[in-house]
Amino acid sequence: MLEIKEVSYCYQQGKPVVDNVSLTVEPGEFVAIAGRNGSGKTTLTRLIMSLIKPANGQIMLNGVDTSRQSPGDIARHVGYVFQNPDSQIFRDTVASETAYGPEQLGFTAQEITASVAEALERTGLTALADAYPRNLSRGQKQRVAIASALAMKPDILILDEPTSGQDAAEKENLMRILTDLNGQGKTIILVTHDMDILARFTKRAVVMASGVKVFDGTVTELFGQNANVQKWGLREPAIMNVSRNLTKYGISPELTAAEFSRQIIGMLQGGRA
Amino acid sequence: MNKLAPLTKLIFTVAVSVWAMLLTSLLGLGLLAVAQILLLAAVGLLKRTYKGILSLTFFAALLVLIQYALGSNLEAAVAGGLRMIDMATVFVILLATTKMQSLTTALVSQCHVPQEYAFMFTTALRFIPDFLAESKAVREAQACRGYTGKGSIVRRFTAYLALVGPLVLRAVSRSETMALSLELRGFGAGRRSFSKDVGLRLRDYCTLAGMVAVTAGFTAGRMIYGW
């Protein structure tokens, strides 16, 4: 379990980028952290990874205070996937790149082979195990980064804008992988700007604005507060906007295209009947 | 300082280096360093540059210690350190007060440096902060995968490959993209023009006259009074 207790952080004196934030993430949750650029969401995840230390407050990971732990110590429990996978890729094959983390954490040779094979399978990269990672597409490189984190056997996976710069099919594929991992018990924390992805795939949303946590609840509750959503620099999903415009025809606002289609089909079939 | 033409600031950089060579007394060299720091404070750039100045001072102190340890007398060693601070600080002033585009324009149109060389020089300077930012991003990414950089020298050296690899590959990729982008926008296609006006104005001529006077004064002072 991850507990963030009244944490603050400033890059410049007197200008907090994270201001007195408290947050608890239970095992198995799929949480999205949203907010406009500069709202403090990436800083919050960097604090979790001990890449920077809180000015105030405490971060507890499985009951242990992380203030004296290095990012390498945290990596045993939390896998972090950066926005740009090129920041980390340096080996000649996908498999050896994935093996870097387990090697650093002191896994045995057998454990490394097994964890790499499992991570590649979970991310759909088994067929690319011997490929040169730099030649892969952006989406495939992002999956290599996820596999690299998974191979270290973390309980929690944090992903910073993993779908940026990817086409629709790659985004869909990536989100399916994350949903499957969550279904297998992994806790997923997703930093995202993409409201369609947030609405479709995550269960809980945390919204940051000017370093402050302004919302923490279900996705349905979030988009029920239309005025605040815009004030926080977010945009409601396109399908929500369309369905909201059709409320006078008996359609209720929906977060996903599937639910919206179901309503329309139901209405059309009812009309015919 | 911000309003002076880039050529004036380039000449100022050379002038300060000449003054540092002319001066031999510790007091004179020290005052030259203090004057430059005061100049940075006066143009509101001290807060932005003080870390660089402190690093220079640390490096100069190291230089003094090495010189002293190798048998130089203390006064000569300290003078060497101060001279290094004087010459390096003026480059900090030049880079902090001049836009790279203006510097390239001045080098090409007024100093008649071939534009490929001028561009190479200014691009290399511009790459330093980008490179540092990339280096930080790579270090953080690998730290999250267990990189610590601890252990024996051999272990640290091999571990360092995890940082150097992505950094070099990204730098190569970035320079390739930049080269293509420049070619696609006509770099080296023939006679070029500049949108920046870097011509000298009255304040530049006054500053240049002041620099000539100070240089003459230091030369005379050294010859007559042995400064």
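Cut-offs and rules
Residues numbered from 1 in each chain as written. Chains lettered and ligands numbered in written order. Predicted model: local features only at pLDDT ≥ 70, side-chain atom pairs only at ≥ 80, totals over all residues. Heavy atoms only, no water. Domains from an automatic or database assignment. 1 Å grid on protein atoms, 1.4 Å probe; cavity = no way out; pocket = protein on both sides within 12 Å on 5 of 7 lines; lining within 4 Å. Points joined across faces, edges and corners; volume = space filled by probe spheres on them. Helix = DSSP H or I, 4+ residues; strand = E, 2+ residues; numbered from the N terminus. Nonpolar A, V, L, I, M, F, W, Y, C, P; charged D, E, K, R; others polar. pLDDT = per-residue confidence, 0-100. Contact = heavy atoms within 4.5 Å. Buried area = accessible area lost by both parts, 1.4 Å probe. Salt bridge = Lys/Arg side-chain N within 4 Å of Asp/Glu carboxyl O. Buried < 20%, exposed > 50% of the residue type's maximum accessible area, 1.4 Å probe, protein only. Pairing = 2+ DSSP bridges. Right-handed = clockwise from strand over helix to strand, strands pointing away. Expected span 1.5 Å × (residues − 1). Bend = angle between axes of the 7 residues up to and from the residue. Axes fitted to C-alpha atoms, helices over the stretch in contact; angles between N-to-C directions. Core = buried A, V, L, I, M, F, W, Y, C linked by side-chain atoms within 4.5 Å.

S.K.: I keep staring at the domain arrangement of chain B and nothing clicks. Help me out?
M.R.: The parts lose accessible area when they come together, and the size of an interface is often stated as this lost area. Structurally, chain B comprises domain 1 (1-110 + 198-227) and domain 2 (127-189). For domain 1 of chain B versus domain 2 of chain B, the distance between C-alpha centres works out to 32 Å.

S.K.: So what exactly am I meant to see when it comes to the layout of surface pockets here?
M.R.: A probe as big as a water molecule, rolled over the atoms, marks out the empty space that is left. Residue and element names in this part refer to chain B. There is about 460 Å³ of room inside the largest pocket. Surrounding the largest pocket, 21 residues form its lining, Gln101, Phe119, Leu182, Phe187 and Arg192 being those nearest its centre. Mapped onto the lining of the largest pocket, the elements with two or more residues apiece are α5 (100-109), α6 (115-143) and α7 (153-184). It is α6 that contributes the most residues to the lining of the largest pocket, 5 residues altogether. When its residues are assigned to classes, the lining of the largest pocket shows 7 nonpolar, 10 polar and 4 charged. Taken domain by domain, the lining of the largest pocket gets at least three of its residues from each of domain 1 (1-110 + 198-227) and domain 2 (127-189).

S.K.: Sorry if this is basic, but what is going on with the confidence of the model for chain B here?
M.R.: Reading predicted coordinates in detail is not appropriate for stretches of low pLDDT. Scored by pLDDT, chain B has a mean of 86; 99% of the residues are at 70 or more. Overall fold confidence (pTM) sits at 0.74, and the ipTM for the predicted complex is 0.74.

S.K.: I would appreciate a short explanation of the domain arrangement of chain A in the present structure.
M.R.: Residue and element names in this part refer to chain A. In terms of domain boundaries, chain A breaks down into domain 1 (2-234) and domain 2 (237-273). Using only C-alpha atoms to locate each centre, domain 1 and domain 2 end up separated by 33 Å. The partner domain 2 presents 6 residues to the 8 residues of domain 1 that form the contact. Carbon and sulfur atoms supply 67% of the area that domain 1 and domain 2 bury against each other, a total of about 560 Å² over both sides. Where domain 1 packs against domain 2, one counts 0 salt bridges.

S.K.: What's the story with the pairing of strand β7 (residues 156-160) of chain A in this structure? I'm lost.
M.R.: Both faces of the sheet carry side chains from a regular strand, because those side chains alternate between them. Residues and elements named next belong to chain A. With 5 of 5 residues buried, β7 lies mostly within the body of the structure. Alternating positions in β7 separate into two faces, Ile156, Ile158 and Asp160 on one and Leu157 and Leu159 on the other, with burial throughout. Examined bridge by bridge, strand β6 (residues 78-81) and β7 share 4 bridges and lie parallel to one another. Following the sheet pairing, Gly79 is matched in β7 by Leu157. On the question of chirality, the crossover connecting β7 to the parallel strand β8 (residues 187-191) by way of helix α6 (residues 168-183) is right-handed.

S.K.: Help me out: how do you make sense of α6(B) in this one?
M.R.: For an α-helix, the turn length of 3.6 residues means that residues three or four places apart are oriented alike. In this model, α6(B) (29 residues) spans 41 Å end to end at C-alpha, consistent with the 42 Å of a helix rising 1.5 Å per residue. Its maximal kink placed at Ile128(B), α6(B) deviates by approximately 30 degrees, while the proline Pro129(B) follows within four residues.

S.K.: I keep staring at the sheet that holds strand β5 (residues 64-65) of chain A and nothing clicks. Help me out?
M.R.: Backbone-to-backbone hydrogen bonds pair the strands of a sheet. The strands run either parallel or antiparallel. All names here are of chain A. The sheet built from 4 strands is open, its strands ordered β2-β1-β4-β5 with antiparallel pairing. Only two strands of the sheet have a single neighbouring strand rather than two, namely β2 (15-25) and β5. For strand β1 (residues 2-12) and β2, the ladder comprises 7 bridges, and the chain directions are antiparallel. Directly across from Tyr9, in β2, lies its bridge partner Val18. Along the sheet face, helix α1 (residues 41-48) touches β1, β2 and β4 (56-61) and points at about 115 degrees away from the line of β1.

S.K.: What exactly am I supposed to notice about the nonpolar core here?
M.R.: Nonpolar side chains in soluble globular proteins tend to be buried together. Residues and elements named next belong to chain A. Ile146, Leu157, Leu159 and Leu178 are the most contacted members of the largest nonpolar core, which totals 33 residues. Elements supplying a minimum of two residues to this core: α3 (94-104), α4 (109-122), α5 (138-150), β7, α6, β8 and α7 (195-201). Counting residues per element, this core draws most heavily on α5, which supplies 6 residues. In this structure, Ile146 is in contact with Val81, Thr123, Leu157, Leu159, Leu174 and Leu178, ignoring residues within four places of it in sequence. Counting residues in hydrophobic clusters, the runner-up holds 32 residues, among them Ile52, Ile59, Tyr80 and Val206.

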